[in-house]
Amino acid sequence: MRRSLPVRQLARRLLSNVPESTVYGGPRPQESSAARRVTVTTLRGKHRRGEPITVVTAYDYPSAVHVDSAGIDVCLVGDSAAMVVHGHDTTLPISLDLMLEHCRAVARGATRPLLVGDLPFGCYESSAAQAVDSAVRVLKEGGMDAIKLEGGAPSRISAAKAIVEAGIAVMGHVGLTPQAISVLGGFRPQGRTVDSAVKVVETALALQEAGCFSVVLECVPAPVAAAATSALQIPTIGIGAGPFCSGQVLVYHDLLGMMQHPHHAKVTPKFCKQFGNVGNVINKALSEYKKEVETRTFPGPSYTPYKITPTDVDGFANALQKMGLSDAADAAAAAAENSGTEGGPKEK
């Protein structure tokens, strides 16, 4: 019986995109609208009503719990994990297997948002069949609801169409596509010339035609994003693209202000507003911990909860004496005598 719970949880996870009007729907629990799972249908409804869509990345269980608790609509397990979690200079090094580990952790922590997993570089470019195989793994092994892929080259459009036809929801991504920095010549904004701006809109339209349920617009001028949003019938999710998109996405570490050390400044984009200074809080907490350990004020009595009776201490000390461990016996006796005071063993 104990093995059935994970199976039920997995089934609920995999069926999260079933429309509310499904013919298989039985009696539903009385949930508040705030607690109801977000699906692609939910996002379409918000887009139709003109309600902004919120998207935040997450890469592990704790960040997923935070995103879930905040009521964010979409939790994106981005290949940006390569940079903000693993310390690479680009998103290129991360593998599909490693992305799946991140996806599984996030799926365990976020039960409400729509979960979207990035297809990392190298797992969908060769053929439509390779793209479908990778997308299937992201859903079956990673516990995601949908996938995201970058770019608008004909092969990417074909891949998106094939994945949709395989029954998997796809989020497109145009503008600055970090996986294409080899061609783009670095992390460069797009849509700043007439030809480039037109290409952004054309690519977004092609991804819509392929069946994508939304498109990320990254690092394009606001007028270009506004034009794409107007031209499309699906939501646009902006990142460094101004306020005229259907929704916005930011990287978890960036918006929380976690990357404040100079070593991390290179991966914090200038378009990101920091809604917190978590990095400072973390640094302060770690420094205080270091200080208290070095001054032997931690752990004090409040954080030394496990006790042994005086009788057992005497018996323990006697046993140590018989073992020839006199110093250890003295240490145990002294610790018992001073267990109600601050400080640990003194340097010899």
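Heads up: these notes are all about the structure in this document. (Residues numbered from 1 in each chain as written. Predicted model: local features only at pLDDT ≥ 70, side-chain atom pairs only at ≥ 80, totals over all residues. Heavy atoms only, no water.)

Topic: unusual backbone geometry
- Backbone torsion omega between Phe-298 and Pro-299 reads 0°, so that peptide bond is classified as cis.
- Tracing the chain through its elements places Pro-299 in the loop between helix 12 (278–294) and helix 13 (310–322).
- Located in the positive-phi region is Cys-219, a residue other than glycine, with phi close to 55°.
- Mapped onto the elements of the fold, Cys-219 is located in the loop between strand 6 (214–218) and helix 10 (222–231).
- Cys-219 sits in the buried class, given a relative accessible area of 13%.
- A positive phi angle, near 60°, is found at Arg-296, a position not held by glycine. (Helix = DSSP H or I, 4+ residues; strand = E, 2+ residues; numbered from the N terminus. Buried < 20%, exposed > 50% of the residue type's maximum accessible area, 1.4 Å probe, protein only.)

Here we look at the packing of helix 3 (residues 61–69) against helix 5 (residues 96–109)
- The N-to-C vectors of helix 3 and helix 5 enclose an angle of 40°; their axes lie 7 Å apart at closest approach. In this view, helix 3 runs oblique relative to helix 5, as classed from their interaxial angle. At the point where helix 3 passes helix 5, the crossing takes the right-handed sense. Residues Tyr-61, Ala-64, Val-65 and Asp-68 of helix 3 form the contact with helix 5, whose own contacting residues are Ala-105, Val-106, Arg-108 and Gly-109.
- Considering only residue class, the contact of helix 3 with helix 5 consists of five nonpolar, one polar and two charged. (Axes fitted to C-alpha atoms, helices over the stretch in contact; angles between N-to-C directions. Parallel < 35°, antiparallel > 145°, perpendicular 65-115°, else oblique. Left-handed = near helix turned anticlockwise from the far one by under 90°. Contact = heavy atoms within 4.5 Å. Nonpolar A, V, L, I, M, F, W, Y, C, P; charged D, E, K, R; others polar.)

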